[in-house]
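Analysis of the macromolecular model
Below are the chains, spelled out letter by letter.
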Amino acid sequence: MVTQPALIMRVFLASILVLVIPIIRAQVPHWGPCPEPEVQPAFILKQFMGRWFEIAKLPAQFEKGRCIETNFTLTTDNSIRVVSSEILKGEVRKIVGTGVIEDPKNPAKLGITYSYVLPYSPYWILSTDYVNFALVYSCTDVLRLFHVDFAWILGRTRSLPDATVEKARETFATNNIDVTRMIPSRQQGCDKTL
Ligand SMILES: *[C@@H]1O[C@H](CO)[C@@H](O)[C@H](O)[C@H]1NC(C)=O
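The structure displayed is predicted, hence computed values, not measured ones.

To continue, consider helix α3 (residues 162-174). Over its 13 residues, α3 runs 18 Å from end to end, which matches the ideal 18 Å to within 8%, given 1.5 Å per residue. Turning to α3, its buried residues are Val165, Ala168 and Phe172. Down the axis of α3, the sector holding all buried residues measures 60°, keeping them to one side. Facing away from the buried side of α3 by more than 90 degrees, the exposed set consists of Asp162, Ala163, Lys167 and Thr174. On its buried face, α3 sits against β2 (50-58), β7 (121-128), β8 (133-142) and β9 (146-155).

Following this line, the structure appears as structure tokens:
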């Protein structure tokens, strides 16, 4: 029999974990609430579907997998199937998630979760031309005191021209997103992902 105070304590501890785990992963929390970047106007979800390679990411996560890519497909119930893969220690690892458009008025603001027990994390398409590059941003407020964020430059190919990457970094910066710690993702020797 679980007593009421014990239950409340459990829920409390679980909430703390949910708050703290992303902070540890993000390494550097920023003060203040999330920035409010502009997102891709008139976003067309269908054109965004398919295979995207990770070109660069924030925060820097060293000693992680390489050849990271994500394949998005529309499912019949209007949600998005998200399959991400990487090569880690010589093995291809895959995780499957679900994506949704959280607000139909703002179709570029997706939410993605890789687990039934976790809420959707923001996955905002700040800018994309659908055929070459996409800039993705995810930010979570913690009590509006500080925020933790993730940013990705994605490409339809395993590498993008330097000028495209430079322009992408400028776009993030213009939207008050600090990408000075953004690092290139390793996309060499990736034959195994296929
Ligand atoms: C992406 O997912 C779709 C649907 O599951 C599949 O048909 C397609 O082959 C996948 N593409 C890649 C590159 O994995």
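A general tendency of soluble globular proteins is for nonpolar side chains to be buried together. Among the nonpolar cores identified, the biggest contains 38 residues, and Phe48, Phe72, Tyr123, Ile153 and Phe172 are the most heavily contacted of them. Listed by contribution, the elements that provide at least two residues to this core are α2 (45-48), β2, β4 (80-88), β6 (109-113), β7, β8, β9 and α3. The element contributing the most residues to this core is β8, with six residues. Those residues in contact with Tyr123 that lie beyond four places of it in its chain are Phe72, Ala108, Lys109, Leu110, Gly111, Ile112, Val136, Tyr137, Trp152 and Leu154.

Here we take up the packing of aromatic side chains. Per the stated rule, a full pass over the model turns up eight aromatic pairs. Both rings, one in Phe43 and one in Tyr130, keep their centres 6.1 Å apart while their planes meet at 25°; by these two values the pair is stacked. Highlighted residues: Phe43 in the loop between β1 (30-31) and α2 and Tyr130 in the loop between β7 and β8, separated in sequence by 87 residues. Among the residues examined, Phe43 registers a relative accessible area of 6% and is labelled buried. Clustering of aromatic rings is evident, with ring pairs tying together Phe43, Phe48, Trp52, Phe72, Tyr123, Tyr130, Phe150 and Trp152.

Once that is clear, we can look at the site of the ligand. Taken together, Arg51, Asn71 and Thr73 make up all the residues around the ligand. Protein chains bury 40% of the 360 Å² of accessible surface belonging to the ligand in isolation.

Let us look at the state of the cysteines. Here a disulfide denotes one covalent bond, and it connects the sulfur atoms of two cysteines. In the structure shown here, the tally under the stated rule is two disulfides. Between the sulfur atoms of Cys34 and its disulfide partner Cys139 the distance amounts to 2.1 Å. One disulfide, between Cys34 and Cys139, carries an S-S torsion of -95° and so falls in the left-handed class. You can see Cys34 sitting in the loop between β1 and α2 and its partner Cys139 sitting in strand β8, a full 105 residues away along the chain. For the pair Cys34 and Cys139, a shared accessibility class is recorded, and that class is buried. Between the sulfur atoms of Cys67 and its disulfide mate Cys190 the distance is 2.0 Å. Measuring handedness by torsion sign, the sulfur bridge of Cys67 and Cys190 sits at about -80° and is left-handed. Pair noted here: Cys67 is in strand β3 (residues 66-74) and Cys190 is in the segment after β10 (183-184), with a separation of 123 residues, a long-range link. On the basis of relative accessibility, which here comes to 5%, the residue Cys190 falls in the buried class. When the bonded cysteines of the protein are numbered from the N-terminus onward, they pair as 1-3, 2-4.

For Ile101, the position within the fold is in strand β5 (residues 91-101). Through-space distance from the C-alpha of Ile101 to that of Ile80 is 8.7 Å; in sequence the pair is 21 residues apart. In contact with Ile101, not counting residues within four places along its chain, are Leu45, Asn106, Pro107, Lys109 and Leu110.

Quick notes on the rules
- Residues numbered from 1 in each chain as written.
- Predicted model: local features only at pLDDT ≥ 70, side-chain atom pairs only at ≥ 80, totals over all residues.
- Heavy atoms only, no water.
- Helix = DSSP H or I, 4+ residues; strand = E, 2+ residues; numbered from the N terminus.
- Expected span 1.5 Å × (residues − 1).
- Buried < 20%, exposed > 50% of the residue type's maximum accessible area, 1.4 Å probe, protein only.
- Arc of directions from axis to C-beta.
- Contact = heavy atoms within 4.5 Å.
- Core = buried A, V, L, I, M, F, W, Y, C linked by side-chain atoms within 4.5 Å.
- Phe/Tyr/Trp six-rings, centres within 6.5 Å; stacked < 30°, edge-to-face > 60°.
- Near = heavy atom within 4 Å.
- Areas by Shrake-Rupley, 256 points an atom, 1.4 Å probe, with all protein chains shown as cover.
- Disulfide = S-S within 2.5 Å.

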